[in-house]
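Residue strings, one per chain:
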Amino acid sequence: MKLTRARFAFCAANLLLSLALVVPCSAQVPAADPYASELRATIEQFTADLKTLDRTYPLELSATRHQRMTDLLTAAKASLAAIDFDKLSRNGQIDYLLLRNHLEKQQASVELEQRRATEVEPIIPFYRTIVELEESRRRMQVAEPQAVGQRLADLAKAIDAARTSTVRSTAKKAVVNRAALQVTSLRETLKSWYAFYDGYDPIFTWWVENPYSRVDQSLDSYARALRETAGTQSGAIIGDPVGRQALLDDLSANMIPYTPEELLTLARKELAWCEQEMMKASREMGYGDDWHKALEVVKTRFVAPGQQPELVRRLAEEAIQFVTTRNLVTIPPLAREDWWEEMLSPERQLTSPFFLGGDLILVASPTGAMTQEQKLMTLRGNNEHFARSVVFHELIPGHHLQGFMSERYRVYREPFATPFWSEGNSFYWELLLWDLNFPRGPEDRIGMLFWHMHRAARIIFSLSFHLEQMTAEDCVNFLVERVGFERFNAEAEVRRSIDGSYEPIYQSAYMLGALQFYALHKELVDSGKMSNRDFHDAILKENSIPVELIRADLTGQPLTRDYRSTWRFYDLNGK
């Protein structure tokens, strides 16, 4: 049938009517995406490239890795500089600054790797041979068995010569310990390299099996000798100070406009406030100003062995009820059920003596394999009044809710994740709930104050260690004597803080990020510009980025391509 103009108009009208019946009116014209950003594709591509290089060149001692990373970062900086910042949307401008900061942080990380490689080279001068063998294999170059066998025979002699050298005896223990870790890593790398050829190429095995075995034994012996020199064989906590410049680089990347020395002043002020509040609670309990005695009593209020999981469940429900009835934050229904509990192994409790959380909460609780002293310390360190803050810090409204929302809003910002947002926001809730009278009595207040002191102490001992003003032993004693830690828990705390498993500034992020959010809450909520719920929901939808940029976004602060951190969120001279 011929489609006349009138017939076409009739059909088109019916089609539009049908669509209107199927598609809601509000969906016919899509609203602008409030989370759209011109920089998203650029960020995602750079993130993928960085991950690819990290996977392709995983050896921290590799000069090739350092050069390829530097080349990538140089190209990314040039591409970013070519963008017209003033023509970007608000989201685009914030993402521009995030990416610029990220590139600078990555460059500082590469330079730190290079410096550290230089520091350990006199102790392990043979490392390049192993790196070259592995990178040759990854480039799929053909290995000539007889020549490789000779290289390994020479390598075994070089390792033995390094072992008899006096260089390690004059080096800093931290550098010797780092060298020991690198030798262990190099041994695993060589093992993987050898397994690739062994048996699959019988000529290779014929030439290489014996010299490889000698090298493997030499590496093992040298690693043990290095650990003995460093003192880690006896279980001593060594750590690896990074120095003032590395701390300044980290602070700059996280947009914290304070020096390490200023942060030590801040932490001491917070610690002094806590001690005054501790004395108030101690007087209410009948112990006068001897708050250490009151703290010891609070530590005895632990549940029986095996009852920690039930305690965690009860405390989690209590916290959810508290923030819900006060309309403090939106908790999606799925987030209420999307968590569960697992138990921390005795081994993990050596470095994580308290609960850990996220989409699940890892419960610190003693097991029968622990010594009697360790069992009691674990129970005391995870008593009900301490746990009351830890549970909502780890679950809702803390880490679990953060993670739930970060997986749903501005996911592309994940590479910029900072502990000043994640840890800071969780501790911020402790500060806010203190103001909202969450503690039921002096025992609960002592429990919350213990963690406040803990976060202040983390700044003091971690920065002092990295500035080489405190030793690891000094740090442990500080936590035991000043804050009231159980020694087992203090050793675990210090070990995980300085052994390199966390970035040097990480332990400072809890309190500093919390104080940033706390100051921003006063600026926007206490002033009546935003409700509690709108404020907290907005934070969660920004994803884990420096708090100063969240402030800039929420307050509509003008931004420039050269924007740097200036927000002095804490008065160092005030009361």
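A short tour of the structure in this document, coming up. (Residues numbered from 1 in each chain as written. Predicted model: local features only at pLDDT ≥ 70, side-chain atom pairs only at ≥ 80, totals over all residues. Heavy atoms only, no water.)

## A short note on the overall build of the chain
Here's step 1: Within the chain, the regular secondary structure consists of 25 helices and two strands.
Here's step 2: Overall, the C-alpha framework of the chain stretches about 95 × 85 × 45 Å when taken along its three principal axes.
Here's step 3: The buried share of the chain, taken over its 575 residues, is 53%.
Here's step 4: Taking the contacts inside the chain whose residues are at least 6 apart along the sequence as the reference set, 76% of them involve residues at least 24 apart. (Helix = DSSP H or I, 4+ residues; strand = E, 2+ residues; numbered from the N terminus. Buried < 20%, exposed > 50% of the residue type's maximum accessible area, 1.4 Å probe, protein only. Contact = heavy atoms within 4.5 Å.)

## Focus on unusual backbone geometry
Here's step 1: Of note, the bond from Ile396 into Pro397 is cis; its omega dihedral lies within 30 degrees of zero at 15 degrees.
Here's step 2: For Pro397, the position within the fold is in the loop between helix H17 (384-394) and helix H18 (399-406).
Here's step 3: Although it is not a glycine, Asn327 sits at a positive phi angle of roughly 55 degrees.
Here's step 4: Checked against the element boundaries, Asn327 lands in the loop between helix H14 (308-325) and helix H15 (333-337).
Here's step 5: Positive phi values are uncommon outside glycine, yet Arg410 reaches one of about 45 degrees.
Here's step 6: Here Arg410 lies in the loop between H18 and helix H19 (419-435).

## Overview of the packing of aromatic side chains
Here's step 1: Overall, the coordinates contain 23 aromatic pairs when judged by the stated rule.
Here's step 2: Arranged with centres 5.3 Å apart and planes meeting at 35 degrees, the rings of Phe450 and Phe485 form a pair that is tilted. Here Phe450 is found in helix H20 (residues 442-466), whereas its partner Phe485 is found in the loop between helix H21 (472-483) and helix H22 (487-498), with 35 residues between them in sequence. Just as Phe450 is buried, Phe485 falls in that class too.
Here's step 3: Through a chain of ring-to-ring contacts, the aromatic side chains of Trp193, Tyr194, Phe196, Tyr197, Phe204 and Tyr212 assemble into a single cluster.
Here's step 4: Across from the ring centre of Phe196, 5.0 Å away, lies the NZ or CZ of Arg137, which sits over that ring.
Here's step 5: Of note, Arg408 hangs over the ring of Phe404, and the distance from its end group to the ring centre comes to 3.5 Å. (Phe/Tyr/Trp six-rings, centres within 6.5 Å; stacked < 30°, edge-to-face > 60°. Lys NZ or Arg CZ within 6 Å of the ring centre and 35° of its normal.)

## Comments concerning helix H12 (residues 260-285)
Here's step 1: The end-to-end C-alpha separation of H12 is 37 Å, in line with the 38 Å expected for 26 residues at 1.5 Å each.
Here's step 2: With its phi angle positive at about 95 degrees, Gly286 sits one or two positions after the end of H12. (Expected span 1.5 Å × (residues − 1).)

## What about the pairing of strand E2 (residues 360-363)?
Here's step 1: Burial along E2 is two-sided: Leu360 and Leu362 facing one way and Ile361 and Val363 facing the other are all buried.
Here's step 2: Pairing of strand E1 (residues 340-343) with E2 involves four bridges; the strand directions are parallel. Its bridge partner lying in E2, Met343 is registered against Val363. (Pairing = 2+ DSSP bridges.)

## So, the nonpolar core
For soluble globular proteins, the rule of thumb is that nonpolar side chains tend to be buried together.
Here's step 1: The biggest cluster of nonpolar side chains holds 122 residues, and the ones touching the most others in it are Trp429 and Val494.
Here's step 2: The element best represented in this core is H20, accounting for 13 residues.
Here's step 3: The contact partners of Val494, leaving out residues within four places of it in the chain, are Ile237, Phe461, Ala472, Cys475, Val476 and Leu479.
Here's step 4: Core analysis: the next-biggest nonpolar cluster, separate from the first, contains 38 residues, Phe126, Trp193, Val215 and Leu219 among them. (Core = buried A, V, L, I, M, F, W, Y, C linked by side-chain atoms within 4.5 Å.)

By themselves, these figures tell us nothing about what the structure is for.
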